[in-house]
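# Per-entry structural report
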Amino acid sequence: MPTFDHPSALREAGLRVTAPRLATLSAVAEHPHADAEMIAQAVRERLGTVSRQAVYDVLNALSDAELLRRVSVGGRSMQYELHRHDNHHHLVCRSCGRLEDVPCSVGHSPCLTPSDDHGFEIEIADVVYRGTCSRCRAAQASAGPSAVPRAQAAAPVAHAAPESP
């Protein structure tokens, strides 16, 4: 994964270079698909005391400036990744919540063209593939046929920390 010059990216976006913004960009770069609480914890580890609201404000400013991309896969807290402007999509495990990037399904933006665009000029297509990851399938297989995946149970899917491929 290429490294980014965060101070230059902030300046190019018209934003001041501040310690909370740099710490947030670094935290998201190190922990893609982390939620705001996980990012806030990482920022506090770097800078000491930083309020939750300050981190939320930074996340919003960086998302509005298209330096970060908000990822919403329904029913879970918003997650963040560096905005690479590559129109990639996501795989989400229905059991553990693992979230992985996948390239555009066709290779150019927008990846999917609707049969009727209703007069819209389409800029991007967001696709979320849902299924069960290999680790959860293996765990379910070893638990036997009576094991019920968490996503099918009454409780909502818990947020799991993303893991590196």
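An account of the accompanying structure is given in this report. Each chain has its residues counted from 1, running along the sequence as written. Two thresholds apply to this predicted model, a pLDDT of at least 70 for residue-level local features and 80 or more for giving and counting side-chain atom pairs, whereas whole-chain, interface and lining totals are computed over all residues. The basis for every side-chain value is the complete set of non-hydrogen atoms in the structure, without hydrogens or water.

### Considerations on the overall build of the chain
Strands here are runs of E lasting at least two residues and helices are runs of H or I lasting at least four, both read from the DSSP assignment and numbered beginning at the N terminus. A count of helices and strands for the chain gives five helices and six strands. When the helices and strands of the chain are placed in sequence order, the string is α-α-β-α-α-β-β-β-β-β-α. Within the chain, the fraction of its 165 residues that count as buried is 33%. Contacts were defined at the residue level, with two residues in contact if any of their heavy atoms lie within 4.5 Å. Sequence-distant contacts in the chain: of pairs separated by 6 or more residues, those separated by 24 or more amount to 49%. The Shrake-Rupley method, run with a 1.4 Å probe, gives the accessible areas here. Residue values count only the displayed protein chains as cover. Here the chain has roughly 10000 Å² of accessible surface; of this, 53% comes from carbon and sulfur atoms. Residue burial is assigned from relative accessible area. The probe radius is 1.4 Å, only protein chains are included, and a residue is buried under 20% of its type maximum, exposed over 50%, and partly exposed in between.

### Quick look at unusual backbone geometry
Residue histidine 33 is not a glycine yet carries a positive backbone phi of 70°. Relative to the elements of secondary structure, histidine 33 occurs in the loop between helix H2 (19–30) and strand S1 (34–35). According to the relative accessible area criterion, histidine 33 is buried, its value standing at 4%. At glutamate 66, a position not held by glycine, the phi torsion is positive, near 60°. Note on placement: glutamate 66 falls in the loop between helix H4 (52–64) and strand S2 (68–71).

### Quick look at the sheet that holds S1
Within a sheet, neighbouring strands are paired by backbone hydrogen bonds and run either parallel or antiparallel to one another. One open sheet accounts for three strands, arranged S1-S3-S2; its pairing is antiparallel. Unpaired on one side and paired on the other, S1 and S2 mark the two borders of the sheet. Two strands are said to pair when DSSP picks up at least two bridges between them. Inspection of the sheet shows S2 paired to strand S3 (residues 79–82) by four bridges, in the antiparallel sense. Across the sheet, the residue bridging to leucine 68 is leucine 82, located in S3. Fitting a line to C-alpha atoms yields each axis, with helices limited to the stretch in contact; the angle taken between N-to-C directions then spans 0 to 180 degrees. Taken strand by strand, H2 contacts S2 and S3, and its axis lies near 95° from that of S3.

### Some remarks on the sheet that holds strand S6 (residues 128–131)
The sheet built from three strands is open, its strands ordered S5-S4-S6 with mixed pairing. Unpaired on one side and paired on the other, strand S5 (99–102) and S6 mark the two borders of the sheet. On average, each strand axis in the sheet is inclined to that of its neighbour by 25°, with strand direction left out of account. Bridge count for strand S4 (residues 89–93) against S6 is four bridges, and the pairing is parallel. Its bridge partner being in S6, leucine 91 is matched across the sheet by tyrosine 129.

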